[in-house]
Protein chains: 2
Amino acid sequence: MSVKIAVLGHGVVGSGVVELFYKNKASIEKRAGTEIDIKYILDLRDFPGSPYQDKFTKDFNDIINDDEIVAVAECMGGVEPAYTFVKACLDHGKSVSTSNKELVAAKGDILLASAKEHSCNFFFEASVGGAIPIIRPLHRCLAANSIDKVAGILNGTTNFILTKMYDENMPFAEALSLAQELGYAEKDPTADVEGHDACRKICIISSLVFGKHVYPDSVYTKGISQVDLTDVAAADVLGSAIKLVASVRKLPDGRILPVVMPTLIPHENIMSGVNDVFNAVLVYGDGIDQTMFYGRGAGKLPTASAVLGDVIEAVKHKVTVFSQTWEPSEDQSFVAPVDELSCRWYFRIPDDGGMPEGTVEVFREDGSLSFITSGELSYKDAQAKAEALGALAVYPVLD
Amino acid sequence: MSVKIAVLGHGVVGSGVVELFYKNKASIEKRAGTEIDIKYILDLRDFPGSPYQDKFTKDFNDIINDDEIVAVAECMGGVEPAYTFVKACLDHGKSVSTSNKELVAAKGDILLASAKEHSCNFFFEASVGGAIPIIRPLHRCLAANSIDKVAGILNGTTNFILTKMYDENMPFAEALSLAQELGYAEKDPTADVEGHDACRKICIISSLVFGKHVYPDSVYTKGISQVDLTDVAAADVLGSAIKLVASVRKLPDGRILPVVMPTLIPHENIMSGVNDVFNAVLVYGDGIDQTMFYGRGAGKLPTASAVLGDVIEAVKHKVTVFSQTWEPSEDQSFVAPVDELSCRWYFRIPDDGGMPEGTVEVFREDGSLSFITSGELSYKDAQAKAEALGALAVYPVLD
């Protein structure tokens with residue numbers, strides 16, 4: 001008997017899921033250990049000429065009321081109506097695989113609880129890092145390790161822009177336009193450029209690793225729109241690349257500190273070489289030391305591949321995978337404020353001809369002087385120092 | 001009720017498994033969903049003063065005859081007696097997790113069949129890439145993707161040596177001595193330096209990805225002992241790093257071509273930045289495009305972390321994970337000979353002052369001239385060309 005699945009949304013990711021499914025149907029069925037077919041594709045639009053005419057529906061009830069449907073791939077994006085649909089699926093015992101980070105970051109705890117209650121699975125590998133297997137390997141690393149820190153380049157659009165700024169000395173605005181032309185950035189690029197997309201993804205990772213739901217509002221988030229070409233060049237001379245880094249670390253008192261900021265990654269760190277639209281996640285644990293996962297963080301087939309991988313998993317595992325979950329947490333006091341972020345810092349200050357105290361290497365250009373602090377400073381102290389020095393730019397350095 | 005496990009071998013990895021287990025026991029039990037304890041540690045040696053006195057045994061029968069033992073971590077290394085012990089465990093329905101690549105490369109098909117027959121699991125994440133989750137993510141990528149190629153830096157010792165040659169212009173012999181001093185290389189370094197260790201690992205990956213057991217004897221294997229400092233410098237000028245790359249690709253006719261050779265990795269490829277004892281595996285699929293997994297490929301705690309992850313998996317899954325398996329294959333004709341390897345090639349030839357035909361960029365030093373072919377050549381044709389030119393070195397370039 002063939003297992004039936006449904007796909008919600010026939011946009012970029014949703015159509016990729018259908019395409020990849022039929023391309024690799026034979027091997028997918030071999031891996032899943034059963035025949036599988038797509039019975040419904042939900043979309044309000046018409047797709048004349050599509051080979052999947054018999055599968056399209058505009059009515060979600062067709063799916064929710066069909067007992068044959070075992071698993072659903074949600075590829076609509078946005079919180080609503082995705083949340084209502086996904087919740088209904090889980091409440092009816094239908095497992096869901098989603099690529100929707102906004103949904104997971106906002107409602108993950110509730111959806112995981114629904115899945116548990118109704119003995120099905122809510123999977124979201126595709127919501128972080130696109131094609132890169134991150135959620136399950138993380139979950140696996142977690143099994144035998146105590147994880148201290150996770151740091152990632154989680155947004156392909158901003159990484160593309162920063163790569164262009166570095167490789168071709170292209171100013172931010174021009175690199176953004178190019179990204180829009182190539183389809184890497186939306187017409188309204190705010191969510192990517194200002195770090196909100198990366199923030200949602202580090203919330204999902206933080207929730208999974210530390211077991212409590214972390215909301216985007218709890219995370220200090222600063223995007224790349226103020227990163228200057230001078231900083232990109234100065235960082236390079238000082239031995240680093242500027243990347244939009246989303247990270248979370250465990251503090252000695254047990255609280256966690258997630259943050260999204262343009263960050264200098266020293267060239268010795270493999271993640272400094274992650275360029276263009278590629279994403280990467282570095283995981284630090286007591287057993288593994290450090291492990292990095294790298295690949296395409298977005299795009300039609302890469303994201304579809306992750307969604308499908310989860311669908312296959314859901315078809316194979318008919319009982320809830322309890323261990324890949326986290327608790328709701330209205331009280332966000334376990335999330336420390338950015339003021340406590342302690343690391344070395346990059347400063348660019350007006351050049352008065354002198355050398356800042358304790359500085360060995362500096363970079364001078366266009367009347368400004370850049371340096372990296374030799375010791376660690378809290379964010380709070382770094383801000384005070386920046387004000388005292390009249391700093392033009394201040395960024396953390398990844399240790 | 002607490003689940004009981006046993007550890008075979010109390011050397012570097014085995015003692016690491018015990019150490020990491022007791023360090024993270026609480027979180028391990030949370031992830032496994034059950035209490036777990038180590039009941040036996042098998043080793044012929046005495047460990048006076050060890051806090052685990054009550055667990056040591058010299059008699060394997062204690063373990064095999066104890067119905068309480070659900071899962072066994074094999075950390076002895078070598079084919080025998082590991083094979084006999086592991087086979088006996090599986091035949092008694094006890095799942096096994098191993099870090100022993102020699103065992104998996106030689107007997108994986110038989111052991112996987114035993115596990116299947118007796119409804120338990122034979123897991124071997126730790127046998128490839130140490131701490132790096134590779135086997136399961138690969139298996140996961142496989143689910144929705146057609147995988148065309150896998151290429152990896154799978155041996156930490158040789159990568160350390162090549163990094164020293166590159167960074168510090170240190171000759172091979174000196175870098176090898178340093179690796180031995182630091183404990184990264186054995187007294188007899190043959191297995192690492194001549195590529196046999198990397199060969200076993202690419203056999204395991206090839207078997208898993210393409211579904212049939214590939215034996216080490218079927219894989220053309222060339223180590224790094226002949227890599228010259230001149231080649232390392234020339235490769236750099238020509239835009240690449242020389243690494244010991246173990247790879248396998250699918251040919252258009254369905255056969256596969258696994259090979260281990262010193263290989264030029266262009267600087268644009270993220271894997272060219274994998275240095276020191278770190279390992280990495282790049283997977284190429286039709287959905288994911290390319291994904292890389294990176295981390296410590298060896299060492300006490302990294303390897304122990306992977307072994308333990310598998311033990312936890314075995315404790316959680318009491319039924320066989322069928323999809324992570326492959327078939328025996330006495331007939332190795334599906335493995336193509338190295339002669340058919342087609343790629344661009346690096347040549348170093350005696351410098352007669354001229355430019356080889358069709359060459360744009362060359363590097364001249366110490367009376368020799370290095371270049372990379374503009375088009376692809378088969379290994380066979382590259383060898384013929386090398387002979388005709390009196391080449392001093394010929395290496396493939398990773399595309």
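Remember, it's a predicted structure, so these values are computed and weren't measured experimentally. (Residues numbered from 1 in each chain as written. Chains lettered and ligands numbered in written order. Predicted model: local features only at pLDDT ≥ 70, side-chain atom pairs only at ≥ 80, totals over all residues. Heavy atoms only, no water.)

### Describing the packing of helix α5 (residues 101-117) of chain A against helix α10 (residues 196-210) of chain A
Residues and elements named next belong to chain A. Test applied: Axis lines are fitted to C-alpha atoms, over the contacting stretch for helices. Their N-to-C directions set the angle, which ranges from 0 to 180 degrees. Numbering goes from the N terminus for both helices and strands, where a helix is a DSSP run of H or I of at least four residues and a strand is a run of E of at least two. In this scheme, roughly parallel covers angles under 35 degrees and roughly antiparallel covers those over 145, while 65 to 115 is roughly perpendicular and the rest are oblique. Crossing handedness follows the turn of the near helix against the far one: under a right angle anticlockwise gives a left-handed crossing, and clockwise gives a right-handed one. Contacts between residues were defined by any pair of non-hydrogen atoms, one from each residue, lying within 4.5 Å.
With their axes 9 Å apart at the nearest point, α5 and α10 run at an angle of 50 degrees to one another. One way to sum up the angle between α5 and α10 is to call them oblique. Remark: the crossing between α5 and α10 carries left-handed chirality. Of the residues in α10, those touching α5 at K101, E102, V104 and A105 are D197, R200, K201, C203 and I204.

### Brief notes about the sheet that holds strand β18 (residues 393-396) of chain A
Residues and elements named next belong to chain A. For clarity, the cut-off: Strand pairing requires that DSSP identify at least two bridges connecting the strands.
The four strands are arranged β15-β16-β14-β18 in an open sheet whose pairing can be described as antiparallel. Of all the strands in the sheet, the pair left with one neighbour each is β15 (362-365) and β18. Sheet twist, expressed as the average angle between the axes of neighbouring strands with direction ignored, equals 15 degrees. Taken strand by strand, helix α11 (residues 229-237) contacts β14 (345-350), β15, β16 (368-372) and β18, and its axis lies near 125 degrees from that of β14. On top of the sheet, helix α13 (residues 379-389) reaches β14, β16 and β18; it is set at about 10 degrees to β14, its chief contact.

### Details of the layout of surface pockets
Residue and element names in this part refer to chain B. The criterion, for reference: Cavities and pockets were defined on a 1 Å grid built over protein atoms only: a cavity is a set of grid points that admits a 1.4 Å probe from which the probe cannot escape, a pocket is an open set flanked by protein on both sides within 12 Å along at least five of seven lines, and lining residues are those with an atom within 4 Å of any such point. Grid points are joined across faces, edges and corners, and a volume is the space filled by probe spheres set on the points. Gly is placed with the polar residues, together with every amino acid not listed as nonpolar (Ala, Val, Leu, Ile, Met, Phe, Trp, Tyr, Cys and Pro) or charged (Asp, Glu, Lys and Arg).
Reported here for the second largest pocket is a volume of approximately 1200 Å³. Along the walls of the second largest pocket sit 47 residues, with V12, V13, K101, E186 and A298 positioned nearest its centre. Where the lining of the second largest pocket is concerned, the elements lending two or more residues are α1 (12-23), α5 (101-117), α7 (156-168), α9 (190-193), α10 (196-210) and α12 (300-316). Tallying contributions element by element places α10 first for the lining of the second largest pocket, with three residues. Considered class by class, the residues forming the lining of the second largest pocket number 16 nonpolar, 17 polar and 14 charged.

### Describing the relation of the copies chain B and chain A
To go from the first copy of the chain to the second, apply a rotation about an axis and then a shift along the same axis. Quick note on the threshold: Least squares is used to superpose the copies, and the fit set is the C-alpha atoms of residues whose pLDDT is at least 70 in both copies.
The two copies are related by a screw operation: chain B maps onto chain A through 180 degrees of rotation and 0.0 Å of translation along the axis, at an RMSD of 0.0 Å. Such values leave the two copies arranged in the relation of a two-fold axis. Rotation axis and chain B: the residue whose C-alpha lies nearest the axis is B:F293, separated from it by 2.4 Å.

### Describing the pattern of salt bridges
All names here are of chain A. For clarity, the cut-off: When a carboxyl oxygen of Asp or Glu is within 4 Å of a side-chain nitrogen of Lys or Arg, the pair counts as a salt bridge. Three labels apply to residues, based on accessible area from a 1.4 Å probe with only protein chains included: buried if under 20% of the type maximum, exposed if over 50%, partly exposed otherwise in between.
Throughout the structure, instances matching the rule amount to 38 salt bridges over all chains. Across the salt bridge formed by R255 and E340, the nearest N and O atoms sit 2.6 Å from each other. Of this pair, R255 sits in the loop between β9 (240-250) and β10 (256-266) while E340 sits in the loop between α12 (300-316) and β13 (342-343), placing them 85 residues apart in sequence. The class for E340 is partly exposed, based on a relative accessible area of 34%. Residues joined by salt bridges that share partners form a network here, namely K39, D66 and E68.

### What about the pairing of β18(A)?
All names here are of chain A. Across the two faces of β18 the burial is the same, with A393 and Y395 and V394 and P396 all buried. Here β14 runs beside β18; their pairing, made up of four bridges, is antiparallel. In the sheet register, Y346 faces β18, and the bridge partner there is Y395.

### Considerations on the interface of chain B and chain A
Interface size, as often reported, equals the accessible area lost upon joining of the parts. The following threshold applies: Here the quantity called buried area is the accessible surface, traced with a 1.4 Å probe, that two parts lose on coming together, added over both. N or O atoms closer than or at 3.5 Å make up a polar contact, with two conditions inside protein: a donor-capable atom paired with an acceptor-capable one, and, for residues adjacent in sequence, both atoms drawn from side chains.
Residue-level contacts link 48 residues of chain B with 48 residues of chain A. When the area that chain B buries against chain A is broken down by residue, the three leading residues are B:R31, B:R140 and B:Y294, summing to 21%. Across the chain B-chain A interface, the total number found is four salt bridges. Put simply, A:K23 and B:D286 hold a salt bridge, and the shortest N to O gap is 2.7 Å. Counting across the interface, chain B meets chain A through 12 residue pairs in polar contact (both at pLDDT 80 or more). Here the side of chain B that touches chain A takes 10 residues from α12(B), the largest share from any one element. Grouping the amino acids of the side of chain B that touches chain A by side-chain chemistry returns 24 nonpolar, 13 polar and 11 charged.

### Here's the deal with the nonpolar core
Generally speaking, soluble globular proteins have nonpolar side chains that are buried together. Heads up, the rule is: In this text, buried Ala, Val, Leu, Ile, Met, Phe, Trp, Tyr and Cys residues form a nonpolar core when linked through side-chain atoms within 4.5 Å.
Membership of the largest hydrophobic core comes to 171 residues, with the highest contact counts inside it found for A:F122 and B:F122. In this structure, B:I5, B:V13, B:L20 and B:F47 belong to the second largest nonpolar core, which totals 31 residues.

### A short note on the environment of B:A26
Assignment of secondary structure puts B:A26 in helix α2 (residues 25-32). Along the primary structure B:A26 and B:A105 are separated by 79 residues, whereas in three dimensions their C-alpha atoms are 34 Å apart.

### Here we look at the confidence of the model for chain A
Any region with low pLDDT has predicted coordinates that should not be read closely. Operational definition: Per-residue confidence from the prediction method is given by pLDDT, with values spanning 0 to 100.
This prediction gives chain A a mean pLDDT of 93; 99% of its residues lie at or above 70. Predicted complex, confidence summary: ipTM 0.91, pTM 0.93.

### Considering α7(B)
Residues and elements named next belong to chain B. In plain terms, the rule: To estimate how far a helix should reach, multiply one less than its number of residues by 1.5 Å.
For α7, built from 13 residues, the straight-helix expectation of 18 Å at 1.5 Å per residue is met to within 8% by its first-to-last C-alpha distance of 18 Å. Within the span of α7, buried status applies to G156, T157, T158, N159, F160, I161, L162, T163, K164 and M165. The secondary structure elements touched by the buried residues of α7 are β7 (147-153), α8 (172-181), α9, α11 (229-237), β9 (240-250) and β11 (278-285). Between a side-chain oxygen at the N-terminus of α7 and the backbone nitrogen of T157 the separation is 3.2 Å; the capping residue is N155.

### A look at the sheet that holds strand β1 (residues 3-8) of chain B
All names here are of chain B. If you walk across this open sheet you meet the six strands as β3-β2-β1-β4-β5-β6, and the pairing is parallel. In this open sheet, the two strands that pair with only one neighbour each are β3 (56-57) and β6 (122-123). Here strand β4 (residues 69-74) runs beside strand β5 (residues 95-98); their pairing, made up of four bridges, is parallel. Across the sheet, the residue bridging to A73 is S97, located in β5.

### Side note on α10(B)
Along an α-helix, residues three or four positions apart point the same way, because every turn accommodates 3.6 residues. All names here are of chain B. Between its first and last C-alpha, α10 extends 21 Å over 15 residues, near the 21 Å set by a 1.5 Å rise per residue. With 13 of its 15 residues buried, α10 lies for the most part within the structure. Phi for G211, located one or two positions after α10, is positive at around 85 degrees.

### Considering the side chain of B:T163
Residue and element names in this part refer to chain B. Looking at the secondary structure, you find T163 in helix α7. Residue class for T163 comes out buried when judged on its relative accessible area of 3%. There is a polar contact of 2.9 Å between the side chain of T163 and the backbone nitrogen of D276. Apart from residues no more than four positions distant in its own chain, T163 is found in contact with E168, K243, N275 and D276.

### Considering the side chain of A:S15
Residue and element names in this part refer to chain A. For S15, the position within the fold is in helix α1 (residues 12-23). Residue classification places S15 among the buried positions, given a relative accessible area of 17%. A distance of 3.2 Å separates a polar atom in the side chain of S15 from the backbone oxygen of V12. Dropping the residues within four chain positions of it, S15 is found in contact with H10 and K300.

### Focus on the packing of aromatic side chains
Quick note on the threshold: Stacked, tilted and edge-to-face are the three classes assigned to paired rings of Phe, Tyr and Trp, where Trp is represented by its six-membered ring and a pair needs centres within 6.5 Å; plane angles under 30 degrees give stacked, over 60 edge-to-face, the rest tilted. Any Lys NZ or Arg CZ found within 6 Å of a ring centre and within 35 degrees of that ring's normal is scored as a charge over the ring.
Under the criterion given, the structure shown has 25 aromatic pairs over all chains. Here the aromatic rings of B:F122 and B:F124 are separated by 5.9 Å at their centres, their planes lie at 40 degrees, and the arrangement is tilted. In textbook terms, an aromatic cluster arises when at least three aromatic residues are bridged by ring pairs, as seen for A:F21, A:Y22 and A:Y52. For the cation-ring pair, A:K212 lies above A:F334, with the distance from its terminal atom to the ring centre recorded as 4.9 Å. It is B:K107 that lies over the ring of B:Y83; its NZ or CZ is 4.8 Å from the centre.

### Focus: unusual backbone geometry
All names here are of chain A. Here the amide bond leading from E80 into P81 is cis, since omega sits at 5 degrees, within 30 degrees of zero. Among the structural elements, P81 can be located in the loop between β4 (69-74) and α4 (82-91). The phi torsion at N169 lies on the positive side, around 55 degrees, for a residue other than glycine. In the Ramachandran plot, D276 falls in the positive-phi region, its phi being about 55 degrees despite a non-glycine side chain. Turning to its location among the elements, D276 is positioned in the loop between β10 and β11 (278-285).

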